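The lines below spell out each chain.
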Amino acid sequence: MPRTEAELFAFLAELGIAVSTKRHPPLYTVADSQALRGEIAGGHTKNLFLKDKKDAFFLVTVGEDAVVDLKQIHHVIGAAGRVSFGKPEMLMELLGVTPGAVTVFGLINDTQHRVKVVLDEALMRHAVINAHPLTNEATTSIASGDLVRFVEATGHDAAILKVSA
């Protein structure tokens, strides 16, 4: 079973990472979430769950307005050839979330470390990063350095690369 939001917050607390969370109606797209922009400061995320032809999986987290060239991103992230979007079944199996709730916090569910995480360099320039806490009915704000600590605490490498145009 995937970890719950409460288990995520307990994990963050064990790491000594302070976060703040704002509840809201379900948000499925970046456009939906932009309605909250005045209420939640910091960098807001857009997440791409990708796979390559060898079934390697990638979670690419960029800023909400980032433009990503999906025809070229494989060169940057180390994929075997061009990438496509991962199927919803694999998203649930690996990250424990559904489409519309994809989040870097889903790495807590990837206990076999099958997903390579890539954080966009431009996004990481923000002091605070905002992401869904395993549900699209809330937004959690975390310091960018603490986000890297979280990723590493899940056993993943926090690859910070320039993936947006």
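Note: the structure precedes this text.
Everything in this summary refers to the structure shown in the same document.

What counts and what doesn't
- Along every chain, residues carry numbers that run from 1 in the direction the sequence is written.
- Side-chain atom pairs in this predicted model are given and counted only at pLDDT of 80 or more, local residue features only at pLDDT of at least 70, and totals for whole chains, interfaces and linings cover all residues.
- Neither water nor hydrogens contribute to the side-chain values; these are computed over all heavy atoms in the structure.
- In DSSP terms, a helix is any run of H or I states spanning at least four residues, a strand is any run of E spanning at least two, and both are numbered starting from the N terminus.
- Each radius of gyration is computed over the set of C-alpha atoms, and the globule rule expresses the reference value as 2.2 Å times the number of residues to the power 0.38.
- Using a 1.4 Å probe on the protein chains alone, a residue whose accessible area is under 20% of its type maximum counts as buried, one over 50% counts as exposed, and one in between counts as partly exposed.
- Should any heavy atoms of two residues lie within 4.5 Å, those residues are counted as being in contact.
- We define the nonpolar core as a collection of buried residues of types Ala, Val, Leu, Ile, Met, Phe, Trp, Tyr and Cys that are connected through side-chain atoms lying within 4.5 Å of one another.

1. Notes on the overall build of the chain
1) Next: In terms of helices and strands, the chain carries five helices and eight strands.
2) Next: At 15 Å, the chain has a C-alpha radius of gyration in line with the 15 Å of a compact globule built from 165 residues.
3) Next: Principal-axis analysis of the C-alpha atoms places the extent of the chain at approximately 40 × 30 × 25 Å.
4) Next: Relative to its 165 residues, the chain shows a buried fraction of 49%.
5) Next: Counting contacts in the chain only where the partners sit at least 6 residues apart, residues at least 24 apart contribute 66% of the total.

2. A short note on the nonpolar core
1) Next: Of all hydrophobic cores here, the largest spans 31 residues; its most connected members are Leu95, Val104, Phe105, Leu107, Val115, Leu147 and Phe150.
2) Next: No other element matches helix α5 (residues 144-153), which puts four residues into this core.
3) Next: Non-local contacts of Phe150, meaning those with residues more than four positions away in its chain, are made with Leu8, Phe11, Leu12, Leu15, Ile17, Val104, Phe105, Leu107 and Ile108.
4) Next: Core analysis: the next-biggest nonpolar cluster, separate from the first, contains 13 residues, Leu50, Ala66, Ile77 and Ala79 among them.

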